[in-house]
Amino acid sequence: MTLHHWIRQTHRWLGIFLTLTVLANFAAMPFGPTPPAITYAPLAPLALLLASGLYMFFRPYLRKAERS
Ligand code: HEM
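The rules behind the values
Residues numbered from 1 in each chain as written. Predicted model: local features only at pLDDT ≥ 70, side-chain atom pairs only at ≥ 80, totals over all residues. Heavy atoms only, no water. Donors = N, O, S within 2.8 Å, 3.2 Å for Na, K, Ca; no water. Helix = DSSP H or I, 4+ residues; strand = E, 2+ residues; numbered from the N terminus. Buried < 20%, exposed > 50% of the residue type's maximum accessible area, 1.4 Å probe, protein only.

Colleague: So what's going on with the coordination of the iron atom of the ligand? Residues and values would help.
Modeller: The expected angle between donors at a tetrahedral four-coordinate metal is 109.5 degrees. At an octahedral six-coordinate metal it is 90 or 180 degrees. Exactly one protein atom donates to the iron atom of the ligand; that atom is His 11 (NE2), 2.1 Å from the metal. Within the secondary structure layout, His 11 lies in helix α1 (residues 3-28).

Structure representation (structure tokens):
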């Protein structure tokens, strides 16, 4: 498996993980103030999604620039 493959696969699963952490926030809402661990749980997968997403976005342009 190439690095690019691995990053795409990780990005896909991070999307699922982010969705679960957001759902956990909504699920916790009826039970009073949400603990900070749940409130801030989406930030880690979101940061990793941003990094891997930007990598996937810019990779084709960087490769093109390398060739020309
Ligand atoms: C935070 C900033 C994000 C950026 C910059 C970003 C960027 C990208 C890029 C460039 C691709 C590749 C598109 C292509 O095929 O050319 C992609 C794929 C994808 N992204 Fe994101 N993304 C972000 C966040 C998210 C989030 C929040 C989710 C879901 C909750 C998500 C889920 C996915 C999925 C499922 C794919 C398809 C991956 C695959 O091919 O298996 N992304 N994203």
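Colleague: So what about the environment of Ala 37? Which residues, and what values?
Modeller: By the secondary structure assignment, Ala 37 is in helix α2 (residues 36-39). Sequence separation between Ala 37 and Asn 25 is 12 residues, and the spatial gap between their C-alpha atoms is 9.9 Å.

Colleague: Describe the environment of Phe 58, with residues and values.
Modeller: You can see Phe 58 is positioned in helix α3 (residues 43-67). Phe 58 gets classed as partly exposed once you look at its relative accessible area, which sits at 42%. Sequence spacing of Phe 58 and Leu 3 is 55 residues, and the spatial spacing of their C-alpha atoms is 15 Å.

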